[in-house]
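Secondary and tertiary structure notes
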Amino acid sequence: MSNAGQTITPSRSQRPKGEASAAPVVMVVDDDIDVRDSLRDLFDSVGIETELFASTGEFLDAGIPNRPCCLVLDLRMPGASGLDLQARLKELEKRVPVIFLTGYADVSTSVRAMKAGAVDFLPKPFRDQELLDAVGEALRIDVERRSGETAVSEVRKLADQLTPREVDVLRGVGRGLLNKQIAFELGITEITVKMHRSSAGRKLRVVSVADMVRKIELLKL
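Conventions used here
Residues numbered from 1 in each chain as written. Predicted model: local features only at pLDDT ≥ 70, side-chain atom pairs only at ≥ 80, totals over all residues. Heavy atoms only, no water. Axes fitted to C-alpha atoms, helices over the stretch in contact; angles between N-to-C directions. Helix = DSSP H or I, 4+ residues; strand = E, 2+ residues; numbered from the N terminus. Parallel < 35°, antiparallel > 145°, perpendicular 65-115°, else oblique. Contact = heavy atoms within 4.5 Å. Nonpolar A, V, L, I, M, F, W, Y, C, P; charged D, E, K, R; others polar. Buried < 20%, exposed > 50% of the residue type's maximum accessible area, 1.4 Å probe, protein only. Arc of directions from axis to C-beta. Core = buried A, V, L, I, M, F, W, Y, C linked by side-chain atoms within 4.5 Å. pLDDT = per-residue confidence, 0-100. Pairing = 2+ DSSP bridges.

1. Structural notes on the packing of helix 1 (residues 33-45) against helix 5 (residues 128-159)
It is at 11 Å that the axes of helix 1 and helix 5 come closest, and there the two elements cross at 70 degrees. The orientation of helix 1 relative to helix 5 falls into the category roughly perpendicular. Residues Leu39, Leu42 and Phe43 of helix 1 lie in contact with helix 5, whose contacting residues are Asp128, Leu131, Leu132 and Val135. Considered class by class, the residues forming the contact of helix 1 with helix 5 number six nonpolar, no polar and one charged.

Here you go:
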C-alpha cells in the first residue's frame, strides 16, 4: 500500500521523550498488516490518532500513553492472544478500555472477555460505524476515569495538611454524626469539633457540606 499523500502518525518511540498530549489515541494490536492499515485509515477519517502494533509483546514494550486511550485488540494472534494481553494488563493494574475484534467469535469467549472488563466484542466483518461507536464509548469511559483519578489525587494532596484530630472529626462527619455526637465520641467539646471541622474544610477547600462529604468519600476516611 502506497503512503503517498498520507499523514502517518509517529509511534511513541519516534516522539520526543516526555511529550504529552490531551488528544485521545486508539491503540490497535493486530498481526495482520492489512487490518492495521485499514483501521488506521478508518480512524484517520474521523480525526482520531492511532498507534499500531503487530503483537501483544510490541504493545507491552511501548507501554500505555498518559492520555485518554483505548485498545482495539485482535482476539487470536500468534504467541500471546488478545485475552492473554487483557489478563496481563489486569495483573499490571493498567486500566485501559478494550474492544475485541475476532473472526472466530464464540459465546464462551465473548462472555469471558466482557466479564474481564472489555467494552465491546465485535465479530468480523463489522460495520465501520459499529466500531467507531464502540471506540467513542471506550474513550468516554477512559476520560471519565482519568478525570476521577485526577480529582482524587488533588484531594489527597490537600489532605496531607490535615492534623490527626481533623481526620477524626472528618470521619465522624462522613458517618453522618452531628457535631455534639462527634464531640462525645472524641471526648472533646462541641466548640472544639467546630473549630477542627472548619479548619479541615479550609484545608480541603470545601464549598459546601455536600462537597465536604464528597471529599471525605474520595479519601475513604
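2. Quick notes on the environment of glycine 47
Among the structural elements, glycine 47 can be located in the loop between helix 1 and strand 2 (49-53). Among the residues examined, glycine 47 registers a relative accessible area of 68% and is labelled exposed. For the pair glycine 47 and valine 25, spaced 22 residues apart in the sequence, the C-alpha separation amounts to 10.0 Å.

3. Observations regarding helix 7 (residues 179-186)
Buried within helix 7 we find Asn179, Ile182 and Ala183. Axial view of helix 7: buried residues confined to an arc of 100 degrees, hence all on one face. Facing away from the buried surface of helix 7 by more than 90 degrees, the exposed residues are Lys180 and Phe184. Those residues of helix 7 that are buried are in contact with helix 6 (164-174) and helix 8 (190-204). The first or second residue beyond helix 7 is glycine 187, which carries a positive phi of 75 degrees.

4. Notes on the nonpolar core
Formed by 19 residues in total, the largest nonpolar core has its most connected members in Met27, Val29, Phe59, Leu71, Leu73 and Phe100. Of all the secondary-structure elements, those providing two or more residues to this core are strand 1 (25-29), strand 3 (69-74), helix 3 (82-91) and strand 4 (98-102). Those residues in contact with leucine 73 that sit more than four places away from it in its chain are Val29, Gly82, Leu85, Val98, Ile99, Phe100 and Leu101.

5. A word on the confidence of the model for the chain
Per-chain confidence: the chain averages 86 in pLDDT, with 89% of residues scoring 70 or above. Predicted confidence is poor over residues 1-19, with pLDDT under 50, and the contacts of this stretch with residues over four places away or in other chains come to 22 contacts.

6. Concerning the sheet that holds strand 5 (residues 120-123)
A sheet is described by the order of its strands in space; here five strands give the open sequence 2-1-3-4-5, paired in parallel fashion. What marks the edges here is a single partner per strand, and that holds for strand 2 and strand 5. Each strand of the sheet is rotated relative to its neighbour by a mean of 20 degrees, with strand direction disregarded. Where strand 3 and strand 4 come together, four bridges link them in parallel fashion. For leucine 71, the partnering residue across the bridge sits in strand 4 and is valine 98. The sheet contacts of helix 1 involve strand 1, strand 2, strand 3 and strand 4, and relative to strand 2 the element is tilted by about 170 degrees. On the sheet, helix 3 packs against strand 3 and strand 4 and is oriented at approximately 145 degrees with respect to strand 3.

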